[in-house]
Each structure stands twice: as structure tokens, then as C-alpha cells.
Amino acid sequence: MSALLEVEELQVTFGGRTAAVRGASFRVEKGETHCLVGESGCGKSVTALAVMSLLARGGHRSAKRMSFAGTDLTSLSDREMARLRGNRMAMIFQEPMTSLNPAFTIGSQMAEVLTRHKGGSRAAALDRAAELMGRVGITAPGMRLGQFPHQLSGGLRQRVMIAMALMCDPELLIADEPTTALDVTVQAQILRLLATLKREFGLSILLITHDLGIVARVADHVSVMYAGEVVERATTAELFRAPQHPYTRGLLSCVPVPGRVQRDRPLGSIPGVVPAIGSGFTGCAFRSRCAHADETCAHAIPRRQAGNAHDYLCRLEPDWAELQPA
Amino acid sequence: MLRLIARRLALGVLVALTVMTLAFLLTRLSGDLAVSIAGPSATQADVEIVRKAYGLDRPLYIQFFAWTGRAMVGDFGQSYFFKDSVANLIQKRLPITLTLGLVGLSLALIISLPLGILAALRENTWIDRSVTMFTMVGQAVPSFWLALILMIVLGLQLGILPISGTGTWQHFVMPGIVLAFTAIPALTRLTRSGMIEAMASDYIRTARAKGLSRARIIFKHALRNAAIPVVSIAAVQLGFMLGGSIVIETVFALHGVGYLGWESIAKNDFPVVQAVVLVLAVFYIGLTLLADILNALLDPRLRTG
């Protein structure tokens, strides 16, 4: 199976000093949902924006390798990159309330994606927009086309964003916390929708979330990010069955899982916050919060294999927890 | 949309009525009109004759309703000083003021919109700082001084533009530049800050994620939102330009409405003063209404108000 998106050693810095992403590597296979998971400030969103070349001013990215469907993304000009965005790779965001332009109708904002990348008439683009709105579960699409964003609810706006992302039938959809700003019932609907669309459109999805519940429901593969690094990669089943990195274990212990958590034991938590990492930092970024840290954690950390397509970044051997209970 | 316009129109009529009342009362506050019209050498008997002749002996409210009644149909009475009807006077002067105002505003927009956009896109570079410096200097320079400098350089030394009068379109170039300069700093800074805010917004990130061209992102998606405050301020600025260009009209000997108002205040020609105040107020109200309508066209969220 060849990867649709391959990212190796991605580095992103802001203003030349703060390292937001420090050598993140992951692959998104064709037709799969790949989750980037981690807590706030760990560099998930920045990674996605770097892939799309959408970093804010002052952001600088470099990568050993970053390819999309065989195209080397690092060598593309801004103009060539713009031809890919919205066309073959699309993105939706966390903030459905503010992500649409308040001054234009839904129809005009959707239609311009198609006319920009595929040409054709505005009328044909509006037909396509109405069709996709139907596909993402928006009732009365014809009426919605003429409405403005402020006339729509948050859930509807996110559906519009999704429909808009699908206008050019992209191969990759990057979804950055697409349900975080929505209430729980709408969240579930949007997740179901993404799963359906993935099947129907043959989409690959890079889903960014901090919510392990979402990961368990939709992901095929997971990359756990911490302080700008991918600290553990595995299939979803494997990750939940045998997490290796202490950070992953910490994250999982924070989530109540039916049948696994005793009723009288408190939920776990990880003390502290993600540290800001300056340039010249070596060793494990999690060591200041890790119960198993020792002096070797300040040196280079090996990437260990823990099975088929499962690796993690830690000094501890696989299945360390069974050998030495914490 | 229609409801919005109707509401704003009704509000405008109320404002106009208030202005009429104030204009009427303020002219009556400036002393005994009969005395000042009759002149310093008049006897008591002359003053009484004047008072009767101009109807100033009637109760105030009767004078007010007589004036407003006639003003409604465009009859502002006779000027005491110019020996002409007030309506005629204003009709002759208005084109000059309107031309000057429109030339000034057009020049101001032509200069400040590109400057503001450029500064926003090059935020915190030397280009941005130069633009900011330019607007600060522009704000600090008094318009009469700029007018004189332009007259000396363009009019006298280079001889490419006439320095006074209203004969040809060239006569409006220099006053237009000076007038534009009063509006350029505010409009430029407003465009700049609006564009910076818009370019940093989520919907511009979406527009970029859609792969739109840079020109489309800047001029369609960002400018449309940044233009809303600019339109409001431009309308107010044009109002200032129409009413407040007395200095410039005086320096360049353009006898517009502002200058007429100034003359008639000095001469206690109160029918003219009242009419000038009212005409300028109506323009101001009209411009504000126009700005509201334009803003509602630019921003659909304002249409339901």
C-alpha cells in the first residue's frame, strides 16, 4: 500500500526561535483515517497547516520529505501549492462560526472553489454545491445557497465547510478539530458524516483531535504528538490495546473506558502542561512530567519497534510496564 | 432592507427638524436682528420700520412656523444683504461646493485605499512605517498652509495650475488636493487596520485553504470586509468637506456654500444662515443614509436592522 501523504522529519519554527514542530513523521495511507492526537499546544494544528502551506506569517517549515500522491510538496511554488489546495487536498477547521466569510452567500463561497480549480460556469458550480449540500445532510440546499453564514447554526456551517471541501473531489481531507466547537449530538452527526463520506468519496482523512473517544471511533491509524514530536504510532486497535509511550498511557488513563476503569478509582491525569521547547533542546520532552524519567532521558532517545507498524519514542523497552510496575 | 431604509429615513427627517429648530433659535440668540439689519446709523424709528417690514415684531413661534412652512417648499425668503432670494444664492453656490467635495473625496479614496492596503499587506516593514509616517505628517499639516505652499509651487513657480477662481476644472485641482489631505490620514489608517484584521481572520485562512488566487483573497474576501468602516467614515468626511471647507474656499476664492455661510454670519444675514445650515444638514443626513445603505449592501448582517 502506498502512502497518499508522507511526512518525514517536519520542522516548523516561528520567528526562528520557538520550535512548534520538531521532526514529526507520519504517513496517511490511501482511503484511511489517520488521527493526530495530543493535548493543546503539542503542534497538531501547526503540522496540518504546514502540510497545507497555510502557516501564519513568521512560520517557517522544513522537512526531510513531504510528499502528496508522489508530488514533493517542499519543492512547490506558492502558486503551484494553491493549485493543489481546495482541489486535491482540502481542509476544514475547528471554528465553523468564523471560518466562512460573513459578506458572501454560501453559494458564492462554495461555487468559487470549483470555478477556480476546474473552470466551468457559475451555474454548474452552484448545481454541484447544491448536490454536495444534499450529500452532507443539509435540507433545502437550494434555499441555503442564497443564505449568508450568519443565518446558519454552527453545525450547519461545519456541514457547509465539509461540502465546500468536497467541491473538487479531493483525495485528502484534513480536518482540524472539526467537532470541538459543536455540541455533543452535532459532534456525533459530523463524525458519522465524515465516516460515510470517506467510504463514498474514497477520501483519505487526516483528523486532528485531542479527543481519544473520537480516535477510537473513527481512526485506522494514530500518531500521538507531544511537544512537536510524534512520540508513538500504531493502528488504533494496537494503540488502545498496548500503548507503549508513558505519555500515551497517561492520555489513555485520563479517559473513562467502560469495563476498564474501576468505579471507585479516580480517573488518571498528567500533571503539568506541554513545555515550550527552545532550539537546542535534546532528549525526551516529556521527561519533566514522566513518572519513569531518569538521567538517560536527557540524551538522544531511540525510536523502538513494538510490533507491526507500531513504534514509539522512549528509553523504555516494549512492555516495560509489565516488567516493572509503576 | 426596505425596512432599514424606511427607519433610517424617518430618523433623518427627525434630525432635519431638530436642525431647523436649532438653526432658527440660534440666529435669534445672536442679538436684536432688526437693530443689526438697520445698521449702526439708524434711528429708533428706522429700527421699528425694519422690524415691521421683516415681520420680526411677530411672536417667535409664528415666525418659526412661517419660516419652516415656506422652507418645506424650498422658499427660504430674501437675503437682506445680497438682494437676491436665498434659494437662488444657494443654487448658485452649491455646484461649486459639491464639485470641490467630490473631487476631494475621490482624490482621498484614490490615494488612501491603495496606501492602506499596501501598508496592511506589508505590516511592520519599512513600507508600512513610511505610510504611517505620511499619515501622521498629513494629519499635522494645517490645510491653509498646504494650500499656500501648493499655490506657490504649482501656481506661481511652475505655473501649471490656476491659483484662484472657478473658471475651469483645473481650478478645482489644488483645492481638491488640499481638501483630500484632510481626509487621507483617517481613511488610510482605517483601511490599513481593517485589512490587517481581515487578513488575520479565519475566513481568509479558509479562502487560502480553498486555493484561491492572492488577488481574489485580498480584493474580494478581505477588502469587502475591511471596506465597511471606511465607507462610514468616508461619508462623514464628505459631510465635513461640504460644510467645513470654508478655509479652503476662502484661500482659493471659491465662492461655495461654506463661504456663503461665513459671509452671512458676519453680516447677520439670518435667512441665509438658517438656509445654509439646513442645506448642509440635509446633505449630511443624506450621506449618512447613503453610508448605511452601502454598508448593508456590503455586510448582509446589517440588512435586518
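Just so we're clear, the structure is a prediction, and the values are computed from it rather than from any experiment.

Participant: What is the right way to look at the overall build of chain A in this model?
Facilitator: Secondary structure summary: chain A contains eleven helices and 13 strands in total. Its C-alpha atoms give chain A a radius of gyration of 21 Å, within 12% of the compact-globule value 20 Å for 326 residues. The principal-axis extent of the C-alpha atoms belonging to chain A is close to 65 × 50 × 35 Å. Here chain A holds 326 residues, and 45% of them are scored as buried. A separation of at least 24 residues holds for 65% of the contacts in chain A among residues at least 6 apart in sequence.

Participant: I would appreciate a short explanation of the overall build of chain B in the present structure.
Facilitator: The number of helices and strands found in chain B is 13 helices and zero strands. Helices and strands appear in chain B in the N-to-C order α-α-α-α-α-α-α-α-α-α-α-α-α. Counting only C-alpha atoms and orienting by the principal axes, one finds that chain B spans roughly 85 × 55 × 30 Å. Out of the 305 residues in chain B, the part that is buried amounts to 37%. In chain B, the share of contacts with a sequence separation of at least 24, taken over all contacts with a separation of at least 6, comes to 71%.

Participant: What's the story with the pairing of strand E8 (residues 172-176) of chain A in this structure? I'm lost.
Facilitator: In summary, the side chains of a regular strand alternate between the two faces of the sheet. Counting buried positions along E8 of chain A gives five out of five residues, so the element sits mostly inside the fold. Each parallel crossover has a hand, and the one from E8 of chain A via helix H7 (residues 184-201) of chain A to strand E9 (residues 204-209) of chain A is right-handed.

Participant: Any chance you could explain the interface of chain B and chain A here in plain terms?
Facilitator: Quoted interface sizes are often the accessible area lost when the parts come together. Contacts between the two partners involve 18 residues from chain B, matched on the other side by 23 residues from chain A. Within the residue set of the side of chain B that touches chain A, elements represented by two or more residues are helix H9 (202-209) and helix H10 (214-243) of chain B. The element contributing the most residues to the side of chain B that touches chain A is H9 of chain B, with six residues. Of the residues that constitute the side of chain B that touches chain A, the class distribution is five nonpolar, six polar and seven charged.

Participant: Is there a simple way to think about the domain arrangement of chain A in this case?
Facilitator: Residues and elements named next belong to chain A. What the domain assignment lists for chain A is domain 1 (1-88 + 170-259 + 267-273) and domain 2 (99-169). Computed from C-alpha coordinates alone, the two centres of domain 1 and domain 2 are separated by 25 Å. At the interface, twelve residues of domain 1 touch twelve residues of domain 2. The element that contributes the greatest number of residues to the side of domain 1 that touches domain 2 is H7, accounting for five residues. A class-by-class count of the residues in the side of domain 1 that touches domain 2 yields ten nonpolar, two polar and no charged.

Participant: I would appreciate a short explanation of the nonpolar core in the present structure.
Facilitator: Most often, soluble globular proteins keep nonpolar side chains buried together rather than apart. The biggest cluster of nonpolar side chains holds 166 residues, and the ones touching the most others in it are Ala129, Ala163, Ile174 and Tyr226 of chain A together with Val276 of chain B. For tyrosine 226 of chain A, the contacting residues outside a window of four places in its chain are Gly38, Cys42, Val231, Tyr247, Val274, Ala285 and Phe286 of chain A.

Participant: I would appreciate a short explanation of the environment of valine 141 of chain B in the present structure.
Facilitator: All names here are of chain B. Looking at the secondary structure, you find valine 141 in the loop between helix H6 (126-140) and helix H7 (143-157). Separated by 41 residues in sequence, valine 141 and threonine 182 place their C-alpha atoms 8.9 Å apart. If sequence neighbours within four positions are ignored, valine 141 has contacts with Leu146 and Phe181.

Participant: What is the right way to read unusual backbone geometry from this model?
Facilitator: With the exception of glycine, most residues fall at negative phi, and the peptide bonds are largely trans. You will see that alanine 227 of chain A, though not glycine, has its phi angle at about 45°, which is positive. For alanine 227 of chain A, the location among the structural elements is in the loop between strand E10 (221-226) and strand E11 (229-235). With 25 C-beta atoms counted inside 10 Å, the residue alanine 227 of chain A sits in the buried group. Of note in the backbone geometry, lysine 83 of chain B takes a positive phi value of approximately 55° without being a glycine. Residue position: lysine 83 of chain B is located in the loop between helix H4 (60-72) and helix H5 (86-121).

Participant: Explanation requested: the sheet that holds E10 of chain A in the structure shown.
Facilitator: Consider a sheet: its strands pair through backbone hydrogen bonds, and that pairing is either parallel or antiparallel. Residue and element names in this part refer to chain A. Within the open sheet, the eight strands sit side by side as E7-E8-E9-E3-E10-E11-E13-E12. Their pairing is mixed. Strands with a single pairing partner mark the edges of an open sheet, and in this sheet they are strand E7 (89-92) and strand E12 (303-305). Strand-to-strand, the axes of this sheet are offset by a mean angle of 20°, without reference to chain direction. As paired elements, strand E3 (residues 33-37) and E9 share five bridges and run parallel to each other.

Participant: Would you mind going over the environment of lysine 83 of chain B with me for this structure?
Facilitator: Overall, lysine 83 of chain B belongs to the exposed group, with 7 C-beta atoms counted inside 10 Å. Remark: the alpha-carbon pair of lysine 83 of chain B and glutamate 249 of chain B, spanning 166 residues in sequence, is separated by 22 Å.

Participant: Honestly, the environment of aspartate 46 of chain B in this entry has me stumped. Any pointers?
Facilitator: As for its placement among the helices and strands, aspartate 46 of chain B is situated in helix H3 (residues 44-53). Judged by the 15 C-beta atoms lying within 10 Å of it, aspartate 46 of chain B is partly exposed.

Participant: In this structure, what is going on with the packing of H5 of chain B against helix H13 (residues 270-298) of chain B? I would like to understand it.
Facilitator: Helix packing geometry: the angle between the two helix axes and the distance between the axes. Residues and elements named next belong to chain B. Running from amino to carboxyl end, H5 crosses H13 at an angle of 50°, the nearest separation of the two axes being 10 Å. As summarised for this structure, H5 and H13 are arranged oblique, according to the angle between their axes. The handedness of the crossing between H5 and H13 is right-handed. Across the interface between the two elements, Val86, Leu89 and Ile90 of H5 pack against Pro271, Val272, Ala275, Val276 and Val279 of H13. Residues that form the contact of H5 with H13 fall into these classes: eight nonpolar, no polar and no charged.

Participant: I keep staring at helix H4 (residues 122-135) of chain A and nothing clicks. Help me out?
Facilitator: Note that an α-helix has 3.6 residues per turn; residues three or four places apart therefore point the same way. Residue and element names in this part refer to chain A. Taking 1.5 Å per residue, 14 residues should reach 20 Å; H4 reaches 20 Å between its end C-alpha atoms and fits that length. Of all the residues in H4, the buried ones are Ala125, Leu126, Arg128, Ala129, Ala130, Leu132 and Met133. Downstream of H4 by one or two residues, glycine 137 has phi in the positive range, about 85°.

Participant: It is not clear to me how the packing of helix H1 (residues 2-29) of chain B against H4 of chain B should be interpreted in this structure. Could you clarify?
Facilitator: Residues and elements named next belong to chain B. Viewed as axis vectors pointing N to C, H1 and H4 meet at an angle of 130°, and their least axial separation amounts to 11 Å. Comparing the axis directions of H1 and H4 gives the class oblique. The handedness of the crossing between H1 and H4 comes out as right-handed. Contacts between H1 and H4 pair Met20, Phe24 and Arg28 from the former with Leu60, Phe64, Trp67, Thr68 and Ala71 from the latter.

Each value, and the rule that gives it
- Residues numbered from 1 in each chain as written.
- Chains lettered and ligands numbered in written order.
- Predicted model: local features only at pLDDT ≥ 70, side-chain atom pairs only at ≥ 80, totals over all residues.
- Helix = DSSP H or I, 4+ residues; strand = E, 2+ residues; numbered from the N terminus.
- Rg over C-alpha atoms; globule rule 2.2 N^0.38 Å.
- Buried ≥ 20, exposed ≤ 12 C-beta atoms within 10 Å, placed from the backbone.
- Contact = placed C-beta atoms within 7 Å.
- Right-handed = clockwise from strand over helix to strand, strands pointing away.
- Nonpolar A, V, L, I, M, F, W, Y, C, P; charged D, E, K, R; others polar.
- Domains from an automatic or database assignment.
- Core = buried A, V, L, I, M, F, W, Y, C linked by C-beta atoms within 7 Å.
- Pairing = 2+ DSSP bridges.
- Axes fitted to C-alpha atoms, helices over the stretch in contact; angles between N-to-C directions.
- Parallel < 35°, antiparallel > 145°, perpendicular 65-115°, else oblique.
- Left-handed = near helix turned anticlockwise from the far one by under 90°.
- Expected span 1.5 Å × (residues − 1).

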